[in-house]
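# Commentary on secondary and tertiary structure
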Amino acid sequence: MSRAVERVERVVLVGFMGAGKSTVGRRLAQQLGWGFLDLDTWIEERHRSRIAELFARHGEAWFRDEERAAAERAAALKRVVVAAGGGAFVQPATRAILQRGALTVYLQVAPATLLRRIRPDGSRPLASNRAKITELLTAREPCYRLADVTVDTTRLRPEAVARAIAERVVGVGGGGST
Ligand code: S3P
């Protein structure tokens with residue numbers, strides 16, 4: 001871990017669409033006895049609309065502002081696992097907020113697996129086709145790598161990924177009951 005986090009109040013899961021951030025996040029929260037929250041779900045609930053509709057209505061720049069505001073609200077909470085949308089950690093200001101007091105974890109997945117998982121059903125406006133997905137993935141990878149920990153999840157079940165992260169959290173002074 002390159003960045004010194006004095007005490008881990010949150011775990012923030014980052015990585016591409018389809019990396020399993022919400023699935024792993026829920027399991028990790030259970031294992032730690034912490035809460036779980038998904039920034040996209042927060043935004044959807046706040047505006048009573050799906051992400052795809054919000055993108056269509058307001059555009060990506062508006063969405064990034066909302067995402068940053070959601071990250072700011074999340075940064076006020078303790079003992080929570082946060083699933084960040086695939087673009088959140090790519091935005092420098094949002095990344096800085098997400099890093100505060102948190103262990104950040106990049107869930108890395110082989111591109112071929114991601115391409116299989118991401119359905120072109122319109123629910124993810126930035127993943128409209130394979131070429132776009134590959135291009136975004138290449139551009140974003142260096143940002144995801146800025147996370148404190150990278151876990152290659154390609155051959156692991158969500159439960160095992162969560163366990164590997166939980167061990168790191170306890171190792172850097174998070175977890176426990178106080
Ligand atoms: C996005 C990822 C999505 C969602 C939005 C934009 C991105 O979240 O925030 O569609 O830019 O990669 P998931 O990674 O949870 O799919």
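### Thoughts on the site of the ligand
Among the 14 residues in the neighbourhood of the ligand, the closest are listed as Lys21, Asp40, Arg64, Arg124 and Arg140. Lys21 places a polar side-chain atom, nitrogen or oxygen, 2.7 Å from an oxygen atom of the ligand. Contact between the ligand and Gly86: an oxygen atom at 2.8 Å from a main-chain N or O atom of the residue. Among the elements of the structure, α3 (51-58) and α4 (60-74) are those that each provide at least two residues to the shell around the ligand. Its residues placed into classes, the shell around the ligand shows 6 nonpolar, 3 polar and 5 charged.

### Observations regarding the packing of aromatic side chains
We describe a pair of aromatic rings using the distance from one ring centre to the other and the angle between the two ring planes. Throughout the structure, instances matching the rule amount to 2 aromatic pairs. A centroid spacing of 4.8 Å and a plane angle of 40° characterise the contact between Phe55 and Phe63, whose relative ring orientation is tilted. By relative accessible area, which is 13% here, Phe55 ends up buried. Using a relative accessible area of 3% as the deciding quantity, one classes Phe63 as buried. Positioned above the aromatic ring of Phe89, the side-chain terminus of Arg95 is 6.0 Å from the ring centre.

### Focus: the side chain of Gln99
Checked against the element boundaries, Gln99 lands in helix α5 (residues 92-99). In this structure Gln99 comes out as buried when scored by relative accessible area, which is 17%. Excluding anything up to four places from it in sequence, Gln99 contacts Arg3, Phe89, Thr104 and Leu146.

### What to know about the nonpolar core
Counting 55 residues, the largest nonpolar core has Val11, Leu13, Phe16, Leu28, Leu39, Val105 and Ile165 as its most contacted members. Ignoring anything within four residues of it in the chain, the contact list for Leu39 reads Glu67, Ala70, Ala71, Ala74, Val82, Ala83, Ala84 and Leu98.

### Details of the environment of Gly25
Checked against the element boundaries, Gly25 lands in helix α1 (residues 21-32). If near-sequence neighbours (up to four positions away) are discounted, Gly25 is found in contact with Leu13, Gly20, Phe36 and Val81.

### Let's talk about the environment of Trp42
Along the chain, Trp42 turns up in helix α2 (residues 39-47). Judged by its relative accessible area of 25%, Trp42 is partly exposed. Among residues more than four places away in sequence, those in contact with Trp42 are Leu37, Ala70, Arg73, Ala74 and Leu77.

Conventions used here
Residues numbered from 1 in each chain as written. Predicted model: local features only at pLDDT ≥ 70, side-chain atom pairs only at ≥ 80, totals over all residues. Heavy atoms only, no water. Near = heavy atom within 4 Å. Polar contact = N/O pair within 3.5 Å; in protein donor to acceptor, adjacent residues only side chain to side chain. Helix = DSSP H or I, 4+ residues; strand = E, 2+ residues; numbered from the N terminus. Nonpolar A, V, L, I, M, F, W, Y, C, P; charged D, E, K, R; others polar. Phe/Tyr/Trp six-rings, centres within 6.5 Å; stacked < 30°, edge-to-face > 60°. Buried < 20%, exposed > 50% of the residue type's maximum accessible area, 1.4 Å probe, protein only. Lys NZ or Arg CZ within 6 Å of the ring centre and 35° of its normal. Contact = heavy atoms within 4.5 Å. Core = buried A, V, L, I, M, F, W, Y, C linked by side-chain atoms within 4.5 Å.

Worth remembering: the numbers are spatial, not functional.
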